[in-house]
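Results of the structural survey
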Amino acid sequence: MTKFKLINTMLLFAVLSGNAVADEVSSKAIYDSKFKTLSLDGILVPFIDEFTGKETDNKGIFDVQLQEKTKLVFELIPWSINFKNTFNGENTSGYILYDHNTRSVKIPCFEVTTIAKFGDAIEGESIYYKDVNMKQRHVAYPIFHVDNMTKTDSCTPTPQKLTSKAQLKGNLSNANVKIYRVEDNADKTLLYQEKTDSDGLFYEHKDELENDKFYIYEVSDGGIEGTIRAVSKGAWITKDFKVSLASEIAYIFLAKDLKYDFNATKVENRLNEVAKTILNGDINEDGNIDVSDLLVFDYQTNLNDINSSEFSSDKLQQIVSEIYRGDLSYADRISSATVGHYNTNGIANSVALSQDETKAFVTDRQNGLVIIDITNPTNPTKVGRYNTSTYAYQVVLSQDDTKAFVANYLNGLVVIDITDPSNPSQLAHYNASVYGFGVSLSKDGTKLFVADNPNGLLIVDITNPSNPTTIGHYNTTVPAIRVTLSQDETKAFVTTGDSHGLVIVDITDPSNPTQIGHYYNKNYFTYGISLSKDGTKAFVTGGSTYFIIVDITDPKNPSKIGQYKAATGNTRGITLSQDGTRAFIADYKNGLVVINITDPSNPRKVNHYNTNEAYEVTLSGDGTKAFVADANNGLVIIDLELFTPISNNSSTK
């Protein structure tokens with residue numbers, strides 16, 4: 001054995017001065033447990049043979065001699081580790097390993113004698129540093145003092161035995177495996193990343209898991225476009241553990257509990273209940289059907305153990321097929337992604353959100369404008385209501401959330417003061433039109449563009465919202481249903497109630513709007529419309545027809561790019577995701593349908609949420625929730641992240 005004396009200290013955390021305040025300290029470290037390496041911003045950190053240094057002015061400057069005698073100079077300052085010179089770490093034979101999740105330092109292949117100045121414990125080769133307040137603390141001496149270390153005979157990592165398997169129909173080879181710990185507050189912490197071998201086997205880190213903690217294994221790629229998952233306590237992982245079709249179905253059942261109502265005891269009981277729902281066979285032959293059977297399910301040998309009355313052969317084949325092609329529609333057939341619901345007691349037509357997204361404004365044909373508190377999406381409650389007397393079809397809000405403009409069918413246009421949402425009142429009633437059906441607001445809030453059913457497009461001055469006046473009018477000759485504006489507000493795109501389809505109107509001079517072009521839609525009427533951010537494409541829905549993507553690069557000559565046949569043939573409202581890759585369509589009896597529009601010439605369904613009679617949809621600003629005006633079901637709130645991969649979510653909670 002070879003001995004090394006560390007002359008000074010080892011400090012892997014950035015030091016904080018007495019004046020520095022931080023909510024947390026981030027190491028930006030990526031630890032690969034399989035290959036026993038640490039990467040800081042992409043640079044491998046090797047084991048340090050000789051270590052000398054000094055601390056001055058709240059920063060440490062260290063000269064480090066590597067085993068290969070390559071010089072590396074780096075400095076430790078508040079918030080970061082700055083490397084003065086990089087190096088080639090490929091040939092180094094040992095590494096200092098820091099895991100920022102457990103806040104521990106591991107020095108493999110070395111026996112270590114240490115003094116943990118601010119640490120909690122030393123266990124084996126790990127120096128643990130936990131629960132230390134890093135706020136407003138002077139650092140007078142290092143966190144860790146490494147007194148001595150002795151190199152063992154070999155620094156070659158012991159290969160991990162791969163016994164756990166990722167499998168759908170067949171084994172998922174070369175698939176990505178992510179392992180998350182479910183925290184007590186329902187957050188998900190990524191602990192490990194693995195890769196399956198050619199037989200679908202991977203290292204599950206059983207020995208590093210806490211028995212009473214819950215973990216989620218997430219498998220992607222490996223021949224599938226979708227994702228499969230397994231939920232397990234650390235104590236339940238055995239050598240026969242599998243992420244499989246059965247574990248994925250169980251995850252879908254548990255998704256709401258894991259996000260909105262996490263309780264370890266409840267989740268354990270629920271998993272055992274779900275096992276009995278999914279399975280009718282005791283796979284591990286211990287006399288019980290419970291979660292342990294779910295976690296060893298093998299598609300090749302245990303398919304007949306799935307409860308056929310709950311999951312028919314056809315249903316299972318459809319689930320597997322949709323996972324393979326990345327269509328999440330199967331998830332909603334297992335457990336609804338609806339997290340909240342408020343019945344407006346009439347026929348809900350459209351929904352708009354306040355700027356702070358704490359309130360939803362829902363138009364209801366029988367009940368006018370209903371204002372709903374959505375602060376807690378799992379329990380929406382009514383704040384107030386204004387009765388508009390006749391059918392309230394669509395609503396838009398002023399930028400300051402003080403006024404609601406309602407297209408009110410036979411009653412024209414109603415302007416409502418919503419400064420006090422618990423007591424809304426009418427500011428104005430504008431009845432120059434006959435049938436107020438759709439409405440859009442200019443960015444400066446001075447003009448309304450009304451789809452005025454038999455009268456076409458109406459442009460209304462609302463500079464004084466108490467006294468709206470007509471600026472201009474364009475007769476589309478056929479019923480106008482919805483209207484939206486181009487980004488520069490020089491064009492209005494109007495959907496119409498017959499084969500005239502999409503009408504494009506020049507509104508540069510709002511007092512004299514003129515038609516630029518139109519897209520005929522065969523024999524069917526159009527309904528909803530949304531434009532791409534670059535203004536080159538219009539996404540159009542309609543009754544008894546397809547979802548159509550129209551090229552509007554040349555507005556005088558719009559042409560169809562692609563189409564998707566709706567299931568019910570009665571598509572209504574539409575909105576696009578912020579990144580423009582998804583279209584969310586209110587498909588009436590078919591609920592909310594999500595279409596991948598990355599390739600506009602070949603749109604394809606990637607998700608479906610069964611509501612009741614979806615009329616309109618709007619998304620939260622972060623794209624994590626959909627708010628659906630659902631006719632007889634009122635306001636329906638859907639969590640769009642609930643069944644998607646944890647790694648894709650904007651938040652891991």
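Preceding this section is the structure that the text describes.
Here we summarise the structure given alongside this text.

Conventions used here
- Residues numbered from 1 in each chain as written.
- Predicted model: local features only at pLDDT ≥ 70, side-chain atom pairs only at ≥ 80, totals over all residues.
- Heavy atoms only, no water.
- Helix = DSSP H or I, 4+ residues; strand = E, 2+ residues; numbered from the N terminus.
- Contact = heavy atoms within 4.5 Å.
- Areas by Shrake-Rupley, 256 points an atom, 1.4 Å probe, with all protein chains shown as cover.
- Buried < 20%, exposed > 50% of the residue type's maximum accessible area, 1.4 Å probe, protein only.
- Polar contact = N/O pair within 3.5 Å; in protein donor to acceptor, adjacent residues only side chain to side chain.
- Pairing = 2+ DSSP bridges.
- Axes fitted to C-alpha atoms, helices over the stretch in contact; angles between N-to-C directions.
- Core = buried A, V, L, I, M, F, W, Y, C linked by side-chain atoms within 4.5 Å.

1. Quick look at the overall build of the protein chain
Per the secondary structure count, the protein chain includes six helices and 49 strands. Taking the contacts inside the protein chain whose residues are at least 6 apart along the sequence as the reference set, 51% of them involve residues at least 24 apart. In the form shown here, the protein chain has an accessible surface area of approximately 27,600 Å², with 43% of it arising from carbon and sulfur atoms.

2. Details of the side chain of S398
Locating S398 in the fold gives a position in the loop between β27 (394-397) and β28 (403-407). Among the residues examined, S398 registers a relative accessible area of 8% and is labelled buried. A distance of 2.7 Å separates the side chain of S398 from the side chain of D400, its partner in a polar contact. Apart from the residues lying within four places of it in its own chain, the contact partners of S398 are K403, F405 and L441.

3. Quick word on unusual backbone geometry
A negative phi angle characterises most non-glycine residues, just as the trans form characterises most peptide bonds. Despite not being glycine, E357 shows a phi value in the positive range, around 60°. Accessibility expressed as a relative area gives 31% for E357, which makes it partly exposed. Phi angles above zero are rare outside glycine, and Y588 is one such case at about 50°. For Y588, the position within the fold is in the loop between β44 (582-586) and β45 (592-596). On the basis of relative accessible area, Y588 is assigned to the buried category, the value being 17%.

4. Re the sheet that holds strand β35 (residues 480-485)
Across the sheet, four strands lie side by side as β35-β36-β37-β38; this open sheet has antiparallel pairing. Two strands close off the open sheet at either side, each with one partner strand: β35 and β38 (514-519). Here the average twist between neighbouring strands, direction ignored, is 25°. In terms of strand pairing, strand β36 (residues 491-496) meets strand β37 (residues 502-506) through five bridges, oriented antiparallel. Pairing of T495 across the sheet is with L502, part of β37.

5. Looking at the nonpolar core
Y217, L245, I249, L271, I278, F311 and I638 are the most contacted members of the largest nonpolar core, which has 78 residues in total. When sequence neighbours within four positions are dropped, the list of residues in contact with I638 reads A337, T338, L592, Y609, T611, T624, K625, A626 and V628.

6. What about the sheet that holds strand β41 (residues 546-551)?
Strand order across the open sheet formed by four strands is β39-β40-β41-β42, with antiparallel pairing between neighbours. Bordering the open sheet on either side are β39 (529-531) and β42 (559-565), each of which pairs with just one other strand. Pairwise comparison of adjacent strand axes, ignoring direction, gives a mean angle of 20° for this sheet. Of the strand pairs in this sheet, β39 and strand β40 (residues 537-540) are connected by three bridges, and their pairing is antiparallel. Across the sheet, residue S530 finds its bridge partner in β40, namely F539.

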